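# Structural features, examined
So the chains spell out like this:
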Amino acid sequence: MSKQRVMFSPVTRLSGLLSVDVMLENGRVTEANASGTMFRGYEWIMRDRHVTDAVYLTQRICGICSLSHGAVASYLLDELYDNELEDNAQYLRNIMFAADFLQNHIKHFYLFSLPDFIKMPERPPFHGQNPADTRLNPEDNQRLAGHYFEAVKAAQESHQILALFGGKAPHQHSFVHGGVTVAPTADKIEQALALIGNISEFVKSRMVPDTELITRVYSDYFRIGITPWQFLSFGLFRFGAKNEMFLWRSGVLADGQLYPPQLALISEDITSSWFDKTGAEEIKPDPFKPGAYTWVKSVRYAGRYFQVGPLARMIINGFYKGGTATMDRIYARTLETLLLTELVQEWLKDLKPSHPPVNQKSTPVKKEVTAVTDAMRGALLHTALIEDEKVVKYNIITPTVWNFSPKDGHGGRGPLENALVGTEIPGQDMLFTILGRTIRSFDPCISCATHLLDCKGSVKAKVVY
Amino acid sequence: MQKEEFSQICRELSSGSNHALSGAILPVVEEHLAFHNKKKLPVIWLETNDSGDNNIAFMNTTYPYLGRVFTEMIDLLYSNTFMAAQGRGALSILEQVSETYKGKFTLIVEGAIPKKDNGLYNAIARTETRFITALEAVTRLGEMAEYVVAIGTCASFGGPTAARPNLTGSAGVRDVLDREVINVSGCPVNPDWFVGTLAHLLMYGRPDLDKLGRPTLFYGFTVHRHCQRRSYFDNKDFAKKLGDIECMFSLGCMGPRTSADCPYRQWINHVSWPVKANTPCIGCTNEDFPDGSSPFFTPMPKKSTGKESGKNTSSQGGAKL
Ligand code: SF4
């Protein structure tokens, strides 16, 4: 193989639409341009609306991680209206949030990632699979393939916990500013405990051993798709009357040091994105912009790119001691799933049967607030500027924007593009297989990544502890 | 075999002295069963501009669970979410199956279709030289399909994707196709509404539709009509804050003009729905969702008129109170 350009499109088994344009030279990836090919313009949609609509409306940004948008919008409103949270509200919020994580991670491993590593039955929707590098023996392969639909059920039960307290899923209703509108009653707690018991059983007896088997058989992927040690997390699971405490810490890990994130150091760049700024007061979408190749913007922290997601959280919290390759990302996600099943069980036991723990204040005490959390895929930020309770500006930076950042003004690549460049491709039939495994290890979500607009000047100097 | 034909055979053979009924009927029954066992809907599923929530909702289907839907109801020939094939291989499957099953496949569209700038705001795939836009793909496949099903409110009516100011000129599938579209709206869809519609197509053909193209089976009544809190409403006993147990009309409930069977059916194995969670219905199955429902927590008479809406809604959705 000499020089070659290949378009990997569509990259299937993810949320949203993604294409990756790859340059190859002598069997090595020398450049990769990741292209998110859908745009909706959510920040514009948010304008002029009552700011409390944010909890329900921003959930519609993403179907697989919808609660995380509702959650961060609720934290934002809590600060804007100066709400006081009850303990029960925080437990319920965290239970629902973790339940949404569980369905996401279970679906990601079994429905999106596993068909990269095992041979699926030759019938729709699995027909046309390239079996070039499926290494499991027939019995193991068959067992794991059988877990596919068990996983669907476990994910459904996770959403059932969310719906039990949240009304429905995706796009739950009860996790709102000021708390949670549903009463935690003995019957609901018991029902949720039964459900999490099933899920926990599935994770322990299926997902963890299945992941370990894949990590053993494909151990070379601990050396493929490596990224530098630059990780960021905004922390996860709030407690305290003012959301002031995190169970899992936030942090920026760079040059071997862990710092508290300073939001003022976050900047965005549109060099390679289909947005235009020339002459306009604010950024406008421009699908004809020469040289651009994606609707995803580049986001940088102190001018550098950072990887976000389960691996970042597990490393920053000291739960994972491995490396930064494709298989590390997969392993860390399963490890997080296991930890979450245990947390949900603990929290359910800590809940006290009570009235609906919600107290909303009605007059904003601030005009501008930035709120952060981690979502399934990593760091998530919402900022709102309001006037008379109406949104003047609403800005969102999603996890996939961090991980799928295109080239910035200095030609610097984001985490995914970096992970792909340098990858060895032993044969043409292995190209999409190898790239697909690494791309999916980031759990791409393009619907969430490709809607955002100007964030310039609106993130205040704020440190997240 | 049609019902009439079956009855005819039964009548003809019932008086015979040779008790030939079962002999004549059984092969027909077997053939019927074999035919039906073989018969699955060939489905092409395109994801366009939405949040992916509808296929996430679809995975929550219970009785039948997803495995059974895949083995017994549909052949999901193309799906960005589920298929094992990827890249060029996936795209060739799309080209191939749309020809092989021309006139016989069901096209499912999930998401709105951006129309501005030739649809460049959504490409379902790229080649080395060009974008295959959702506009192009839906137009072409929509003409070739036997049925077109829009899943979710974005695909049905534009939904949140087409909310004001609708920068991308997005619209529902019915606005880009000159044919009947079955709209299974909802943000997201309740999996029962969608799997139920597929079941109807498979077993009995096209379901009855309301004037917005939605199966009356699921959208025939308003949420308000069967709401568990209807007695509070009738007594003018309204909630003062979220979390209260009275009627949610005072807090923005859209139930009175939203068609859906949420109060009966409920969500995810039938455990709850927004009013049961002490929050208002926000009218997510409606033609003018979300603009006509916002501000969400403001009572209906005081909501925005929807005039500044990004889409041009032709009529207000749903059945009467
Ligand atoms: S809560 Fe909504 S749907 Fe139920 S009775 Fe009141 S207005 Fe009607």
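Residues numbered from 1 in each chain as written. Chains lettered and ligands numbered in written order. Predicted model: local features only at pLDDT ≥ 70, side-chain atom pairs only at ≥ 80, totals over all residues. Heavy atoms only, no water.

## Digging into the interface of chain A and chain B
Across the boundary between the two partners, chain A contributes 83 residues, which contact 75 residues of chain B. Buried surface at the junction of chain A and chain B, summed over both partners, amounts to about 6600 Å²; 62% is from carbon and sulfur atoms. Where chain A meets chain B, there are 1 salt bridge. Arg49(A) is the partner of Asp291(B) in a salt bridge, and the nearest nitrogen-oxygen pair spans 2.7 Å. The tally of links between chain A and chain B comes to 33 residue pairs in polar contact (both at pLDDT 80 or more). When grouped by side-chain class, the residues that make up the side of chain A that touches chain B number 41 nonpolar, 28 polar and 14 charged. (Contact = heavy atoms within 4.5 Å. Buried area = accessible area lost by both parts, 1.4 Å probe. Salt bridge = Lys/Arg side-chain N within 4 Å of Asp/Glu carboxyl O. Polar contact = N/O pair within 3.5 Å; in protein donor to acceptor, adjacent residues only side chain to side chain. Nonpolar A, V, L, I, M, F, W, Y, C, P; charged D, E, K, R; others polar.)

## Some points on the UniProt feature "binding site: [3Fe-4S] cluster" (unreviewed entry) in chain B
Residue and element names in this part refer to chain B. According to UniProt, the "binding site: [3Fe-4S] cluster" (unreviewed entry) feature falls on Cys262, Cys281 and Cys284. Judged by maximum C-alpha separation, these annotated positions cover 23 residues in sequence but sit close together in space, the widest gap being only 11.0 Å. By the element assignment, Cys262 lies in helix H11 (residues 262-265). Setting aside anything within four residues of it in sequence, one finds Cys262 in contact with Trp193, Trp267 and Trp273. Locating Cys281 in the fold gives a position in the segment after H11. Those residues in contact with Cys281, other than ones at most four positions away along the chain, are Val223, Gly252, Cys253, Met254, Gly255, Thr258 and Val275. (UniProt positions renumbered as here; feature names shortened; annotations may be inferred. Helix = DSSP H or I, 4+ residues; strand = E, 2+ residues; numbered from the N terminus.)

## Quick look at the sheet that holds strand E1 (residues 41-47) of chain B
Residue and element names in this part refer to chain B. Across the sheet, which stays open at both edges, the 5 strands sit in the order E2-E1-E3-E7-E9 with parallel pairing between neighbours. Both edges of this open sheet fall to strand E2 (74-79) and strand E9 (182-184), since each of them pairs with a single strand only. Neighbour to neighbour, the strand axes of the sheet diverge by 25° on average, direction disregarded. Inspection of the sheet shows E1 paired to E2 by 5 bridges, in the parallel sense. In the strand pairing of E2, Ile44 is matched with Tyr78. (Pairing = 2+ DSSP bridges. Axes fitted to C-alpha atoms, helices over the stretch in contact; angles between N-to-C directions.)

## Description of the nonpolar core
Ranked by internal contacts, the top residues of the largest apolar core, which has 190 residues, are Val20(A), Ile106(A), Ile214(A), Ile439(A), Phe58(B), Ile74(B) and Phe194(B). Per element, the largest residue contribution to this core is 14 residues, and it comes from helix H4 (residues 87-113) of chain A. Looking at which domains feed residues into this core, each of domain 1 (3-219) and domain 2 (220-321) of chain B supplies at least three. The residues contacting Phe58(B), other than those within four sequence positions of it, are Trp45(B), Leu66(B), Val69(B), Phe70(B), Ile74(B), Phe82(B), Pro191(B), Phe194(B) and Val195(B). Of all hydrophobic cores here, the second largest spans 32 residues; its members include Ala90(B), Phe105(B), Ala137(B) and Val138(B). (Core = buried A, V, L, I, M, F, W, Y, C linked by side-chain atoms within 4.5 Å. Buried < 20%, exposed > 50% of the residue type's maximum accessible area, 1.4 Å probe, protein only. Domains from an automatic or database assignment.)

## Digging into the site of the ligand
In the vicinity of the ligand there are 13 residues, among which His224(B), Cys227(B), Cys247(B), Met248(B) and Cys253(B) approach most closely. Of the residues contributing to the shell around the ligand, the split by class is 9 nonpolar, 2 polar and 2 charged. (Near = heavy atom within 4 Å.)

## Quick look at the domain arrangement of chain B
Residues and elements named next belong to chain B. Under the domain assignment, chain B is made up of domain 1 (3-219) and domain 2 (220-321). Roughly 2200 Å² of surface becomes buried between domain 1 and domain 2 when both sides are summed, with 53% attributable to carbon and sulfur atoms. Among the residues of domain 1 in contact with domain 2, Arg164, Trp193 and Tyr219 are the three that bury the most area, contributing 23% of the side total. Applying the counting rule to domain 1 against domain 2 returns 2 salt bridges. Salt-bridge contacts for Glu287 lead to Arg174; the nearest nitrogen and oxygen are separated by 2.8 Å. On inspection of domain 1 and its partner domain 2, the count reaches 11 residue pairs in polar contact (both at pLDDT 80 or more). Secondary-structure elements contributing two or more residues to the side of domain 1 that touches domain 2 are helix H7 (153-157), helix H8 (191-204) and helix H9 (216-219). The greatest single-element share of the side of domain 1 that touches domain 2, amounting to 4 residues, is contributed by H9. For the side of domain 1 that touches domain 2, the per-class residue count stands at 14 nonpolar, 9 polar and 5 charged.

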